[in-house]
Amino acid sequence: MSRKLGADAMNEQVRRTLVSSLYTQPSSLAIGAFNGILVSLAAAWFVQNAVFTAVAVAMTVAALVRVAVAFAINPDNARHSTDKLETIYEIGAFAYAGLFGLLAGMAIVMGAGAGVEVLLVGHALCYGTGISARNAGRPVIALGQMVLCFVPIGVGGLLEGSAGYLVMAATIPFAMLAMVAITSNTFLTIYQSIAHAQASRTMATKMERLARTDVVTGLANRAGLNHALVQAIMNVPRERQIALFWLDLDRFKEVNDLLGHQTGDRVLAKTADRLQSVVPAGSTVSRFGGDEFVIVSEVDDRAACEALAVRILDDLHRPMEFDREQLEVGCSIGIALMPEDGEDADTLLQHADLALYDAKMGGRGRSRFFDPSMTRDLANRREIEAELRAAIQRDELSIFFQPIVDLQTGKIRTFEALVRWFHPVKGELRPDQFIPVAEETGVIVTLGNWITKQAAKVCAGWPEDVTVAVNLSPLQIKAPGAALGIMAALREAGLAPHRLELEITESVLVDDNSATERFIGDLSAKGVRFAMDDFGTGYSSLGYINKYPFSKIKVDRSFVSGPDIGRKTQAIIHAVAELGSQLDMEIVAEGLEKAEQVESVRAAGCTLGQGYYFSRAVPDYLAAMLLAQERGEHGSAIGRGLQATG
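Figured I'd write up the structure that's included with this text. (Residues numbered from 1 in each chain as written. Predicted model: local features only at pLDDT ≥ 70, side-chain atom pairs only at ≥ 80, totals over all residues. Heavy atoms only, no water.)

### Considerations on the overall build of the protein
Within the protein one finds 25 helices and 16 strands. Counting across all 646 residues of the protein, residues that qualify as buried make up 46%. Long-range pairs, those at least 24 residues apart, make up 70% of the contacts in the protein with a sequence separation of at least 6. A total accessible area of about 31,600 Å² is found for the protein, and carbon and sulfur atoms account for 57% of it. (Helix = DSSP H or I, 4+ residues; strand = E, 2+ residues; numbered from the N terminus. Buried < 20%, exposed > 50% of the residue type's maximum accessible area, 1.4 Å probe, protein only. Contact = heavy atoms within 4.5 Å. Areas by Shrake-Rupley, 256 points an atom, 1.4 Å probe, with all protein chains shown as cover.)

### So, the packing of aromatic side chains
Counted under the stated rule, the structure contains 11 aromatic pairs. Look at W421 and F434: their rings are 5.4 Å apart centre to centre, the planes differ by 85°, and that puts the pair in the edge-to-face class. Residue W421 is found in strand β9 (residues 412-423), and its partner F434 is found in helix α14 (residues 431-441); the two are separated by 13 residues along the sequence. Here the two residues W421 and F434 agree in accessibility, since each one is buried. Between the aromatic rings of F519 and F530, the centroid separation amounts to 6.3 Å while the plane-to-plane angle is 80°, which identifies the pairing as edge-to-face. Of the two residues, F519 sits in helix α19 (residues 514-526) while F530 sits in strand β13 (residues 529-535), which places them 11 residues apart along the sequence. Note on accessibility: F519 and F530 belong to one class, buried. Feature note: the residues Y96, F100 and Y127 constitute an aromatic cluster, connected by ring pairs. (Phe/Tyr/Trp six-rings, centres within 6.5 Å; stacked < 30°, edge-to-face > 60°.)

### Considering unusual backbone geometry
In the segment running from M338 into P339, the intervening peptide bond is cis, with an omega of 20°. Positionally, P339 belongs in the loop between β6 (331-338) and α12 (345-361). Its identity is not glycine, yet Q48 carries a phi of approximately 60°, on the positive side. Assignment of secondary structure puts Q48 in the loop between α2 (26-47) and α3 (50-72). Among the residues examined, Q48 registers a relative accessible area of 57% and is labelled exposed. Backbone geometry at D395 places phi at a positive 60°, although glycine is not the residue there. Position of D395 among the secondary structure elements: in the loop between α13 (372-394) and β8 (397-406). Accessibility expressed as a relative area gives 58% for D395, which makes it exposed.

### Side note on the nonpolar core
Core analysis: the biggest nonpolar cluster contains 71 residues, and L447, L502 and F519 have the highest contact counts within it. Per-element tally for this core: the top contributor is helix α15 (residues 443-459), with eight residues. Apart from the residues lying within four places of it in its own chain, the contact partners of L502 are V470, L472, I486, F519, L523, V528, R529, F530 and A531. Counting residues in each nonpolar core, the second largest holds 38 residues, with Y96, L99, M146 and C149 among its members. (Core = buried A, V, L, I, M, F, W, Y, C linked by side-chain atoms within 4.5 Å.)

### Quick word on the pairing of strand β14 (residues 550-555)
The buried count for β14 comes to five of six residues, which makes it a mostly enclosed element. Note that β13 and β14 share four bridges and pair parallel. Residue pairing in the sheet places A531 in a bridge with K552 of β14. Relative to strand β15 (residues 586-589), β14 runs parallel, the two sharing four bridges. Each bridged residue has a counterpart across the sheet, and for V555 the counterpart in β15 is A589. (Pairing = 2+ DSSP bridges.)

Next comes the structure, spelled out in structure tokens:
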């Protein structure tokens, strides 16, 4: 059935083309009409018969009307149906041809004279023959005109009865058969050529449409978006604006990882359906790639744009149900308006992308309009992100080690591994310049694995009683296969698991994520030790200490060297130290810079200390030198400093 409908549609398109061809070159029609008018009026002048003159005048009127209609009608105008165009042409063509043939036949019967008869018969036969070729695209019209010209001449010849006219009348049917064959062949050739060209155009249009369509969602893809955006910019009314919404699904990666790509594709398709149902008519919804969608829509003002963003967020935050399981995905949106945020497609896309980046940095499920202040800050973040990925590959990063010292003996117990970035152009970049960017963009997972691997290799060369501590990002902990990656790094370095300490902050534990619990449990079972970092700056729930196997608590530097230190902070440190003593946990005081601070935390019960008082973070070879000096015959410089404070 669909093939038949497709064929019918193709036939209608070809028929439209053939009918339209009747109206092409109306000037040639005018020339023929002028010739016919001249011949008919001249014949009427010579014959001087009222009926004959009336027919000649009628033919003249028909010719003039035909020419006027041919110039007035535009066959490309969709308001004119194909049937209407064909009928109008048929009426004029048949009227003109019939009157022309009638004049020629009347001239023969009336004995108008050899000159007039030759003039009319010759022109009528030539017209009937020529029109068969010109109008071959519509054989009914072409052959109908020929018959209307030829038959009256044949009838007139029979009625006149002379030998010459009888022979002419006898040959006219053969001439008509010949013209039928010629017209039919010409029609078939024209039809096939047009049908082939039409099929090629249809296929090209289909291929172009497929090239601009996303196969998963049926939406426009990047190519389709670019085309639609350019068209929208070119055609937007002066009083309206173009709004570009750049969407990124918030939890799509989790869906793909946990439920598979098939479910992920269903989520994308469902998202596409919801977006198409919520955007105004005439908008373009496209899948830009991955889990990103871009919407191009005309809006009246910024308020209308914001209202649309709210509707989109509300609609996409509704749970999606697949196989009786509900999924909550949600999205973040970056918005740019034309002309205030850009006057061309590339600028508009760039600014919407920056706005999306800012929206994601602020948390999930929100929208942000582009602001010029984003350009410098976010562009710098993007640059750092790209350069950081390259720096990991080019070994531009280094691991420095800061000692954690036993406050009683002065011996180095642990080195905390800290990353340093020496940029070939910008020089040394502080961790606070690139670590937040790494966490926001997910690069922290790659970076954290690299730090763990490098630190384990260095620690393997130290004495057996010295351990290494590595900070872990929440993203790194929740990444698939995180525990396996750390064990692989230990095996490759040849480092015993108990010599690795992983420092995590309380913020990691707030979500009470099963992945975090499994991560800590798996590695603890292998012997890896855990420390709670920055204790006292977060929720500081004692439930975490009871639930997880922490062997060490690091008291945040704000209790040691912050602006609010005093009797209360000293009491807090003492209480934490007492808690650690009862639970057989080490307590580390961070940020020690002065001797009196060291003495204060030691008196409060802290067992370990870390800070500039002992040493800044140093390269691996200097860390090895500190260990060598400590264990040499001259004793430990750090230990002598501690004795001096005592």
